[in-house]
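Fold and contact review
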Amino acid sequence: MIEVQVELGDRSYPVLVGARARDRLMEYIPPSAKQVAVVTQQNLDFAIDTGTPVKTFYIGDGEVAKTMSTVEALCREFARMNLNRKDCIVAVGGGLVTDLAGFAAAIYHRGIPVIHIATTLLAQVDAAIGGKTGVNLPEGKNLAGAFWQPLAVLCDTETLQTLSPREYLSGTGEVAKYHFLGSRAGMPDVDLRDLPLDERVAYCAELKARIVAADEREGRLRMILNYGHTLAHAIEIGTSFDLRHGECVAIGLNFAAELAKSMGRISAERVAEHRKVLDFYGLPHALPPETDLDALMPLMHRDKKAMGSLTFILDGPDGVEVVDDVDPKLVRAVLEVVKS
Ligand SMILES: NC(=O)c1ccc[n+]([C@@H]2O[C@H](COP(=O)([O-])OP(=O)(O)OC[C@H]3O[C@@H](n4cnc5c(N)ncnc54)[C@H](O)[C@@H]3O)[C@@H](O)[C@H]2O)c1
Ligand SMILES: [Zn+2]
């Protein structure tokens, strides 16, 4: 088992990565807990042992379930079982479950402990770590939420065996992102492609942990975790291509590399390195030919991380960083390149 620490003072917590990490759950349930509320999904059948009486609640599937009303329903169930601040919530699932259960934990009784058992690759390398929780509003994704750090994150890599190839690939899109963020987080210079799965997941978890520790509330550094995401979010919102989040991130990474090159920030070799990483994982790098570029442009403006002007996370001589005021004409031209 590999253990990574998220250093946040008295709210620090471990991320355990490895097969059967969920078997370590009992170590992290607070001794004060008299009962535990498990939040998961019907299709997930991962036996866990909490050592205390348990009630299990199932949430729906897909982004449509990620709503205030699901959180309200959960909180009402918690109230009916008399769950209190000495007790604990355990989320078992992907990013949908950890975001929802985490948000419910943040607001129920003004905050009760939560432990995440992450069962998708995306949740293990990204969503379950770092304390961002939330729900969608009809006006947009993840618009309401709270920062609420868990007591522990258990990344049970054995659970990934049942993940569909498509969901696995989606998580891989985030893994690809981490290939280019290591220097900004002071990570050792290793090629993630050479690592076995558990070590690769742990590397990504540690990189995220370091960035969260340095900038918990996304002042600026944490924004680099959105590398590839400005275009990715626009593709997700603006199209019905049925691409998963990580696939959109992959296209977004290739686009960000091309944009950085056209701004003289990186070399053609560095762009090629981006594409080699995407190819290694079998990820897409081109926009589908039917993409309406004119429709994508305003969606990138509207990205909530863009703060008014066109802002991108771009590679450069000092590594990946936030770059404001990027020329929209250049962006449009580079989109043409990435479409072909
Ligand atoms: N909080 C953050 O920092 C953060 C970061 C990235 C993404 N997110 C959020 O994460 C969500 C996406 O998470 P996701 O990609 O894990 O999707 P998901 O949680 O919706 O899971 C995808 C599908 O896989 C199934 N599944 C989960 N684990 C499984 C397993 N082990 N075997 C078989 N099937 C399994 C789920 O039931 C679901 O159908 C989005 O809502 C996104 O906004 C949050
Ligand atoms: Zn992402």
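Structure report, in brief.

How each quantity is defined
Residues numbered from 1 in each chain as written. Chains lettered and ligands numbered in written order. Predicted model: local features only at pLDDT ≥ 70, side-chain atom pairs only at ≥ 80, totals over all residues. Heavy atoms only, no water. Near = heavy atom within 4 Å. Polar contact = N/O pair within 3.5 Å; in protein donor to acceptor, adjacent residues only side chain to side chain. Areas by Shrake-Rupley, 256 points an atom, 1.4 Å probe, with all protein chains shown as cover. Helix = DSSP H or I, 4+ residues; strand = E, 2+ residues; numbered from the N terminus. Nonpolar A, V, L, I, M, F, W, Y, C, P; charged D, E, K, R; others polar. Buried < 20%, exposed > 50% of the residue type's maximum accessible area, 1.4 Å probe, protein only. Salt bridge = Lys/Arg side-chain N within 4 Å of Asp/Glu carboxyl O. Phe/Tyr/Trp six-rings, centres within 6.5 Å; stacked < 30°, edge-to-face > 60°. Pairing = 2+ DSSP bridges. Axes fitted to C-alpha atoms, helices over the stretch in contact; angles between N-to-C directions. Contact = heavy atoms within 4.5 Å. Expected span 1.5 Å × (residues − 1). Arc of directions from axis to C-beta.

1. Observations concerning the site of ligand 1
Taken together, the neighbourhood of ligand 1 is formed by 25 residues, with Gln41, Glu63, Thr119, Thr120 and Thr162 sitting nearest. At 3.0 Å, a side-chain N or O of Asn43 approaches an oxygen atom of ligand 1. Within the side chain of Asn142, one N or O atom sits 3.2 Å away from an oxygen atom of ligand 1. Bound to the protein, ligand 1 loses 87% of the 870 Å² it would expose on its own. Mapped by element, the contributors of at least two residues to the shell around ligand 1 are α2 (95–107), α3 (121–127) and β8 (140–147). Among the residues making up the shell around ligand 1, the classes are represented as six nonpolar, nine polar and ten charged.

2. Here we look at unusual backbone geometry
In the Ramachandran plot, Arg110 falls in the positive-phi region, its phi being about 60° despite a non-glycine side chain. Considering the arrangement of structural elements, one finds Arg110 in the loop between α2 and β6 (114–118). Judged by relative accessible area, Arg110 falls into the exposed class, the value being 74%. Positive phi is not limited to glycine here, since Asp325 has a value of about 55°.

3. Topic: the pattern of salt bridges
The final tally for this structure, using the stated rule, is 24 salt bridges. Linking Glu158 and Arg22 is a salt bridge whose minimum nitrogen-to-oxygen distance equals 3.5 Å. Linking Glu158 in the loop between β9 (152–156) and α4 (165–178) with Arg22 in the loop between β2 (13–18) and β3 (36–40), this pair joins segments that are 136 residues apart in sequence. Judged by relative accessible area, which is 27%, Glu158 ranks as partly exposed. We note a salt bridge from Glu77 to Arg80, for which the minimum N-O separation is 3.4 Å. You can see Glu77 and its partner Arg80 sitting in helix α1 (residues 68–80), three residues apart, about one turn around the helix. A single salt-bridge network, built from bridges that share partners, covers Arg20, Arg22, Asp23, Asp156 and Glu158.

4. Observations concerning the packing of aromatic side chains
Summed over the entire model, instances satisfying the criterion amount to five aromatic pairs. Taking the centre distance of 5.0 Å and the plane angle of 80° together, the rings of Phe280 and Tyr281 count as edge-to-face.

5. Topic: the sheet that holds strand β5 (residues 88–93)
A sheet is described by the order of its strands in space; here seven strands give the open sequence β1-β2-β9-β6-β5-β3-β4, paired in mixed fashion. A strand with exactly one partner marks an edge of an open sheet, and here the two such strands are β1 (2–6) and β4 (54–58). Direction aside, the axes of adjacent strands within the sheet are offset by 20° on average. Relative to β2, β1 runs antiparallel, the two sharing five bridges. Across the sheet, residue Glu3 finds its bridge partner in β2, namely Leu16. Across the sheet, α2 lies against β3, β5 and β6, angled at about 165° from β5, the strand it touches most.

6. What to know about helix α8 (residues 268–280)
The end-to-end C-alpha separation of α8 is 18 Å, in line with the 18 Å expected for 13 residues at 1.5 Å each. Burial in α8 covers these residues: Val271, His274, Val277 and Leu278. Buried residues in α8, looked at end-on, bunch into an arc of 115°, giving them a common side. A positive phi of about 75° marks Gly282, the residue just after α8.

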